[in-house]
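Working through the structure, step by step
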Amino acid sequence: MKANTVIQNGTVQTLCRMCDTRCAVNIHIQDGVMVDITPYDGHPVNQGQMCVRGPAAIDLFYHPDRILKPLKRMSDGTFSEISYDQAMDEIAEKIFHIKETYGARAVGAWKGEAVDTAGEIFTTWNKTWTRNGRVVWGYDYTDPDFLSHMTEVYKHLRQGGIRGLMFDYPSSGWASAGGMEDDYSTTAAAYRTIFRLPYEGLDPGSYVHERNMIRGSDISIGLVASMRTENDTDEMDGSTVTRCGLRWYKNRVLLNQDTDSKNIVRLQGNRDLVRAVLTMAYVTTGRLLLANSFSQFSPETLWDLTRTFPYHTAPRSARPVDAFVSDFPAVYDFEVDPQWHQVTFYNPDPDSSRIVGIDIAGKPVQGALGLDAQKSYYAFDFWNKHFIGKLRGDARLEQELRPGEARMMSVRECQEHPQVLSTDRHVMQGYLDLVGVDWDEVQGILKGVSRMVGGDPYTITLALNGFDPLAASCGDQETLATLAPSKDGLVRLTLERPENATVEWSVSFQPPHE
């Protein structure tokens, strides 16, 4: 296949066209052949970073099926090469025929890739979406013929194995001025049809994503699995977290919230900021879209990322406990059960530390956890691997957070026997990886079942509650179990195995002396 480059040897700076971000890239050419695509350092958009789609452009450029000249479909179904002049003449003739026969509303147009990308029409989104003061919108989602066509399209996509679609800029389908073929349709009804077609055509269990530029719309609820909440941004700042956090009753219940892709590589110089993005995306959104490839992550960042996956699928999210008593929520509570709460403290200020706290007992509507004032509770900090201590139910859980830090803590009611406080596999500290735990009072054995990842040492932190640990064992020979007591009344059980597995484990104890 013949595909020409603008120079024979050297490097050309241009923009990647694999998505609308338009990252700046270097095209490396040798003997008239494109050999590599690398990120361009110093550009304000991608700042020397690039996702995996950029280098993949080479494969498209030299693909044997790439179309380089106009092809006309013949009566027998084959395609024949024609000139550009002939193609433009025939297309124009057919468009005029459609317009004269069915009216101007029967013709829709969309911009191609213009040479003058610095021209006025492409310099702002507002100018892109408007022409002479009129908002440009797409197809008529009340047109019976168009709806019939799209029904067939989604049927074929389903047959081809497609199980999800992301709709960028669906606001172009918001016909605010009306003018649809169905005189009785509302703008909202027509817009909702955009998502109803793939929802029904692909499968109700498919992944349909509404990605409006500014905010998602409740109009699509029930048809979409995910909804955009932000304009284009690679940050997870306080306003983003608050916007999603205050919609906790919808998140994971009606849909997942999308805050746009996150550039974690840019934050790798500050691990607190990386962990804050990962933690608050898990707590308040239900999904994480990455702007970076895994190859760009440091080992520490990759490890931190694995601590937040998988995302739980239960239809509920953490509640912003202090929503009614503070300017922005800083405390989120996920009740696993009445005796176990996952509590997140968040400091959105990247420059200053901040004290965040909450009363353990009291009314939740007044910014308290609502636990029993007559009981005691253990608190364990996940990311810092720190035992906060044993707290009275009538006390206050208070922490000084570093700049930009998000702190996930397991708060569990104190028992009269050894108990689990935390695990290090997942930020939810046992909610996803710990299948079950049981205390055998007769034998003095704490038994549990955990989902393990091969090659990833798995540590369970236990509170002794006056008992002495004796030995640990597992239900299979491939899993190594070791105990490491500490001076803070805790013991750490570490399990290691080469392959993924669900493992039964147990720890025997000697009861406290009378």
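Our structure's up above, just so we're on the same page.
One structure accompanies this document, and this report is about it.

About the criteria used
Residues numbered from 1 in each chain as written. Predicted model: local features only at pLDDT ≥ 70, side-chain atom pairs only at ≥ 80, totals over all residues. Heavy atoms only, no water. Helix = DSSP H or I, 4+ residues; strand = E, 2+ residues; numbered from the N terminus. Contact = heavy atoms within 4.5 Å. Lys, Arg positive; Asp, Glu negative; His and termini not counted. Charge placed at Lys NZ, Arg CZ, Asp CG, Glu CD. Buried < 20%, exposed > 50% of the residue type's maximum accessible area, 1.4 Å probe, protein only. Arc of directions from axis to C-beta. Salt bridge = Lys/Arg side-chain N within 4 Å of Asp/Glu carboxyl O. Axes fitted to C-alpha atoms, helices over the stretch in contact; angles between N-to-C directions. Parallel < 35°, antiparallel > 145°, perpendicular 65-115°, else oblique. Left-handed = near helix turned anticlockwise from the far one by under 90°. Nonpolar A, V, L, I, M, F, W, Y, C, P; charged D, E, K, R; others polar. Pairing = 2+ DSSP bridges. Phe/Tyr/Trp six-rings, centres within 6.5 Å; stacked < 30°, edge-to-face > 60°. Lys NZ or Arg CZ within 6 Å of the ring centre and 35° of its normal. Core = buried A, V, L, I, M, F, W, Y, C linked by side-chain atoms within 4.5 Å. Patch = residues over 30% accessible without salt bridge, like charges linked within 9 Å, V, L, I, M, F, W, Y side chains within 5 Å. Areas by Shrake-Rupley, 256 points an atom, 1.4 Å probe, with all protein chains shown as cover. Polar contact = N/O pair within 3.5 Å; in protein donor to acceptor, adjacent residues only side chain to side chain.

1. Let's talk about the overall build of the chain
On a plain count of helices and strands, the chain comes out with 8 helices and 28 strands. For the chain, the C-alpha atoms occupy an extent of roughly 100 × 60 × 45 Å along the three principal directions. Counted over contacts in the chain with a minimum sequence separation of 6, partners at least 24 positions apart contribute 60%. Of the charged side chains in the chain, 51 are positive and 68 negative; the average position of the first set lies 2 Å away from that of the second.

2. Describing helix H8 (residues 299–306)
Among all positions of H8, only Thr301, Asp304 and Leu305 are buried. Along the axis of H8, the buried positions cluster into a sector of 100°, meaning they face one direction only. Looking at the buried residues of H8, the elements they touch are helix H7 (271–284).

3. Details of the pattern of salt bridges
Following the criterion strictly, the structure yields 28 salt bridges and no others. Asp456 is the partner of Arg307 in a salt bridge, and the nearest nitrogen-oxygen pair spans 2.6 Å. In this pair, Arg307 is assigned in the loop between H8 and strand S12 (319–320) and Asp456 in the loop between strand S23 (445–452) and strand S24 (458–463), connecting sequence segments 149 residues apart. We note that Arg307, like Asp456, is buried. Of the charged contacts in the structure, one is a salt bridge between Arg407 and Asp381, with a shortest N-O distance of 3.5 Å. Of this pair, Arg407 sits in strand S20 (residues 406–413) while Asp381 sits in strand S17 (residues 376–381); the two residues are 26 residues apart in sequence, bridging distant segments of the chain.

4. What to know about the packing of H7 against H8
The contact between H7 and H8 brings their axes to 10 Å, and the two run at 25°. Between H7 and H8, the crossing angle belongs to the class labelled roughly parallel. You can see that H7 and H8 cross each other, and the crossing is right-handed. Side by side, H7 and H8 meet where Arg271, Val274, Arg275 and Leu278 of the first sit next to Glu300, Thr301, Trp303, Asp304 and Leu305 of the second. Of the residues contributing to the contact of H7 with H8, the split by class is 4 nonpolar, 1 polar and 4 charged.

5. Some points on the sheet that holds strand S15 (residues 354–361)
The sheet built from 3 strands is open, its strands ordered S16-S15-S19 with mixed pairing. Strands with a single pairing partner mark the edges of an open sheet, and in this sheet they are strand S16 (368–371) and strand S19 (396–401). The sheet shows a mean angle of 20° between the axes of neighbouring strands, taken without regard to direction. Here 2 bridges tie S15 to S16, and the two strands are oriented parallel to one another. When the bridges of S16 are listed, Asp359 appears paired with Ala368.

6. Here's the deal with the packing of aromatic side chains
If you walk through the whole model with that rule in mind, you get 15 aromatic pairs. Pairing Trp174 with Tyr191 gives two aromatic rings, centres 5.5 Å apart and planes at 75°, and the pair type is edge-to-face. Taken together, the residues Trp174 in the loop between strand S8 (164–168) and helix H5 (187–202) and Tyr191 in helix H5 connect sequence positions 17 residues apart. Overall, the relative accessible area of 2% leaves Tyr191 in the buried class. Among the aromatic residues, ring-to-ring pairing joins Phe167, Trp174, Tyr191 and Phe195 into one connected group. Over the aromatic face of Tyr282 sits the side chain of Arg252, whose NZ or CZ is 5.0 Å from the ring centroid. Across from the ring centre of Trp340, 3.6 Å away, lies the NZ or CZ of Arg412, which sits over that ring.

7. Thoughts on the nonpolar core
The tendency in soluble globular proteins is for nonpolar side chains to be buried side by side. Grouped together as the largest cluster of nonpolar side chains are 29 residues, with contacts concentrated most on Met280 and Val427. At the level of elements, H7, strand S13 (331–337), strand S14 (340–346) and S20 are the ones that each hand at least two residues to this core. By residue number, the principal contributor to this core is H7, which donates 8 residues. Sequence-distant contacts of Met280, defined by excluding residues within four places in its chain, comprise Met236, Val241, Thr285, Tyr332, Thr344, Tyr346 and Ala406.

8. Quick word on a negative patch on the surface
A contiguous patch of negative charge on the surface is contributed by Asp145, Glu181, Asp182 and Asp183. With a relative accessible area of 34%, Asp182 lands in the partly exposed category.

9. Here we look at the side chain of Thr279
Considering the arrangement of structural elements, one finds Thr279 in helix H7. Residue Thr279 is classed as buried on the basis of its relative accessible area, which comes to 0%. Polar contacts involving the side chain of Thr279 include one to the main-chain carbonyl oxygen of Arg275, which spans 2.7 Å. Aside from chain neighbours lying at most four places away, what touches Thr279 is Thr344, Trp383 and Ala406.

10. Quick word on unusual backbone geometry
With glycine set apart, most residues show a phi of negative sign, and most peptide bonds adopt trans. The amide bond that connects Phe309 to the next residue, Pro310, takes the cis arrangement and shows omega of 5°. Mapped onto the elements, Pro310 comes out in the loop between H8 and S12. Located in the positive-phi region is Asn465, a residue other than glycine, with phi close to 55°. Its place among the elements puts Asn465 in the loop between S24 and strand S25 (468–474).

11. A closer look at the pairing of strand S28 (residues 501–510)
A regular strand carries its side chains on alternate faces of the sheet. As paired elements, S23 and S28 share 8 bridges and run antiparallel to each other. Looking at the pairing, Arg451 lines up with Thr502 of S28. For S25 and S28, the ladder comprises 6 bridges, and the chain directions are antiparallel. Paired with Cys474 across the strands is Trp505, a residue of S28.

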